[in-house]
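# Geometric and topological summary
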Amino acid sequence: MDERKPYIDEIKREFHGDVLSEDTSTPGEAYLTIRKESLPRIANFLHEVRYSTPLLSMFGTDERALDGTYKVYTVFQIPRKPVFIILKVHLKEGELEFPSITPLMYAGSPFEREMQDMFGFIPVGNPDTRRMVLHENFPRGIHPLRKDFGYSTTLDKAEGQYPFHTIEGEGMLEVPVGPVHAGIIEPGHFRFSVAGEPIINLEIRLHYKHKGIEKLMETLDFNEGCRVAEMVSGDSAVGHVTAYCQAVEKIAGIETPMLARYNRMIALELERLYNHIADIGSMSTDASFLFGAARAGILREEVMNLNDRLTGSRFLKGLVAPGGVTRDLFTARDDIISTLKEVGEGLKELVAILLSSASFLDRVKTTGVLNKKTAEDLAVTGPPARASGIDSDMRRDVPYEAYGEVRFKVPVYKEGDVFCRLSVRIDEAFESISIIEQVLKKAVRDPIKTDVGARHAVPLPYRYALGCVEGWRGAILYWIMTAPGDKLYRCKIKDPSFCNWPGLSYAVLGNIVPDFPLCNKSFNLSYAGNDL
Amino acid sequence: MQKMILSWLKGRIATKGLKELVSDAKLKDCLEVVNDASIEEFRSALGGSRRSVHIREVDAGSCNACDLEINALNNPVYDIERFGIHFVASPRHADMLLVTGPVTRNMEMALRKTYEATPKPRLVVAVGGCARDGGIFKGSYAVVGGVERVIPVDAYIRGCPPRPQELLYGILRILGRI
């Protein structure tokens, strides 16, 4: 039986007359075209009333060339089910207002502000109408993702001041930080409002790194797009490119060979491993436990060098391609097993030392608490979600590649503090090693790639599909729509950081400013992936 | 715990020797010096090749891979601090700026202000393919272009991203240490 059917039927029953049409041509995805006015009600029904399903993504498209309308897509996933419900709203030229979902679900706000900048849509009812992606230097009235805006448009320079929220009162102080930070990290602006030591409010302003990646994608064909996907966030290269390729393969109707799937899993888990080790190290740094940082640095380096030996890239770039992978990691099976054995032992020692250090535990426990309700409302994903008691992991819930064939534990903690986020990362690092070992035991004689080239299985134009991967930061989502000639018509990228940044600004409340780096590192979010 | 530490002390040293790190002949391809005069001036102002140097890293729009590799210079394997090279928190303390990424419109002003806050003599080293000319993002409506479009650049370290060895080689070479 089609797993999507009961959900579609229920929505149609509940909102009789609001659902105009349905499209179930892409497996696992149900597109419901609904009346514009009913968007907040149906979204709230899915999110809060019935399924407490998280908002995964929300984006606009300019489909004027097809049917004369713009569209707003709102993507939900039924918890623990491989079912995506996508609400589709048509916006006619000149009537770009749509009812905001933000008053009912806060997670919608950043998505709506993004659409407001990139398409000029007007989310009626969103209390925050400030510009977000396009800073003051961009002239007003430009909307880069509209089709009549060229990728290489030269723009004038405008000026202005961003209206930050201000907290007023006796003894209130503002501490502005960034965009150029103290450490070797990416740019972003943090504005703390403090009363004495505790943080009363943190406003995070991002998009300093906005490079127009989604617009760039629209100028490329799907083979070129795969190299750009690797450059969305360098430390999540494999996660992004795999999600991208999944979407392309779904559209082209291609089954990737098993060997390619196993290879992708190895790469995805290696990526999770080196990043989690790095995070364990940087949390030690920010708790001033430099010994831990040094040990983690050495372990991470061993994984990076393994990546280099396997693929010629320390970030595993160039491995995943539409249709499969470009080389077979199984040929280096012994190297992978022996390196990971060493890394696993080193990590076990490091964890034993970290968890027996009273001064370290004192810093991480009860620091930066993100409670479960807030995390749900903000659609937080990945380790911060699991540390706050949300039991979700795309690898288990939507078993892509061959994750259905391996056994692994999804660690879930309740308290939502830095220690829980650290613990999730520690557990997952060991699970990653175990997954790679399980995969390497499989014996398959498959080709590593199916051809998705122009002459074979050509994806039809104006077809669309989602690609979804549990990256090490959380759910990475790609939505791709094809154009004639293998080109991409639209590519919406959602890095987990996009929804997790607001989570950070809530987790730090009541903490002291010197604990901010520690809280920040426990989330370790991507600026590049957020800013696009 | 004592046992563990003792076993580490007896084990191999993680830090790689300079010779091992920079012996690869191919490394010299990663460095492109464009302003010999300013580097010469910088070295003579420093008064000897063994003086310490402070670096401020500025990410002007990278995908973060370059920054992670720069960060790796601080780990015990590469341990750049042993050469007296420190990464500092403020441009006011810096002798050299390491700039990554195609400069985005949104970062242009921040990069310029960081440069102006750096006392002379100062060197600017652009790291990675994007910082050279915008790389894959060249021509975007949101990107200004390579670093030289905003501030004068003295040398480039190539790569996407350059490996830590390449960064180390480039920096030491610019300083006349190797």
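Residues numbered from 1 in each chain as written. Chains lettered and ligands numbered in written order. Predicted model: local features only at pLDDT ≥ 70, side-chain atom pairs only at ≥ 80, totals over all residues. Heavy atoms only, no water.

### Some thoughts on the environment of A:Pro103
Mapped onto the elements, A:Pro103 comes out in the loop between strand S6 (97-99) and helix H4 (108-119). For the pair A:Pro103 and A:Glu159, spaced 56 residues apart in sequence, the C-alpha separation works out to 31 Å. (Helix = DSSP H or I, 4+ residues; strand = E, 2+ residues; numbered from the N terminus.)

### Side note on the sheet that holds strand S4 (residues 96-100) of chain B
Picture the strands of a sheet paired through backbone hydrogen bonds; they go either parallel or antiparallel. Residues and elements named next belong to chain B. Spatially, the 6 strands line up as an open sheet ordered S1-S8-S6-S4-S2-S3, and their pairing is mixed. Both edges of this open sheet fall to strand S1 (31-33) and strand S3 (85-87), since each of them pairs with a single strand only. Sheet twist, expressed as the mean angle between neighbouring strand axes with direction ignored, is 25 degrees. Against the sheet, helix H5 (residues 105-117) makes contact with strand S2 (53-59), S4 and strand S6 (123-127), and its axis sits at roughly 170 degrees relative to S2, the strand it touches most. Here helix H7 (residues 164-174) sits on the sheet and contacts S1, S2, S3, S4, S6 and strand S8 (155-157); the angle it forms with S8, its principal contact strand, is near 160 degrees. (Pairing = 2+ DSSP bridges. Axes fitted to C-alpha atoms, helices over the stretch in contact; angles between N-to-C directions. Contact = heavy atoms within 4.5 Å.)

### A few points about unusual backbone geometry
Of note, the bond from B:Lys120 into B:Pro121 is cis; its omega dihedral lies within 30 degrees of zero at -5 degrees. With respect to the helices and strands, B:Pro121 occurs in the loop between H5 and S6. With an omega of -15 degrees, the peptide bond running from B:Cys160 to B:Pro161 counts as cis. Relative to the helices and strands, B:Pro161 is located in the loop between S8 and H7. The backbone of A:Ala379 shows a phi angle near 60 degrees, a positive value even though the residue is not glycine. Residue placement: A:Ala379 occurs in the loop between helix H12 (372-377) and helix H13 (383-387). You can call A:Ala379 buried: its relative accessible area is 4%. (Buried < 20%, exposed > 50% of the residue type's maximum accessible area, 1.4 Å probe, protein only.)

### What about the pattern of salt bridges?
By the definition in use, this model includes 52 salt bridges over all chains. The salt bridge partner of A:Arg80 is A:Asp391, with a shortest N-O separation of 3.1 Å. One end of the pair, A:Arg80, is in the loop between strand S4 (69-77) and strand S5 (84-92); the other, A:Asp391, is in the loop between H13 and helix H14 (394-397), with 311 residues separating them in the sequence. For B:Glu108, the salt bridge goes to A:Lys157, with nearest N and O atoms at 2.7 Å. Taken together, the residues B:Glu108 in helix H5 and A:Lys157 in the loop between strand S7 (122-124) and strand S8 (172-177) connect one chain to another. For B:Glu108, a relative accessible area of 9% corresponds to the buried category. In this structure A:Lys157 comes out as exposed when scored by relative accessible area, which is 57%. (Salt bridge = Lys/Arg side-chain N within 4 Å of Asp/Glu carboxyl O.)

### What to know about the nonpolar core
Residue and element names in this part refer to chain A. Core analysis: the biggest nonpolar cluster contains 177 residues, and Ile-85, Leu-87 and Tyr-244 have the highest contact counts within it. Here this core gets 13 residues from one element, more than from any other, and that element is helix H8 (residues 258-286). When near neighbours in sequence (up to four residues on either side) are disregarded, Tyr-244 contacts Met-217, Asp-221, Phe-222, Asn-223, Gly-225, Cys-226, Ala-229, Tyr-478, Ile-480 and Leu-488. (Core = buried A, V, L, I, M, F, W, Y, C linked by side-chain atoms within 4.5 Å.)

Without other data, these values stay purely geometric and don't point to any function.
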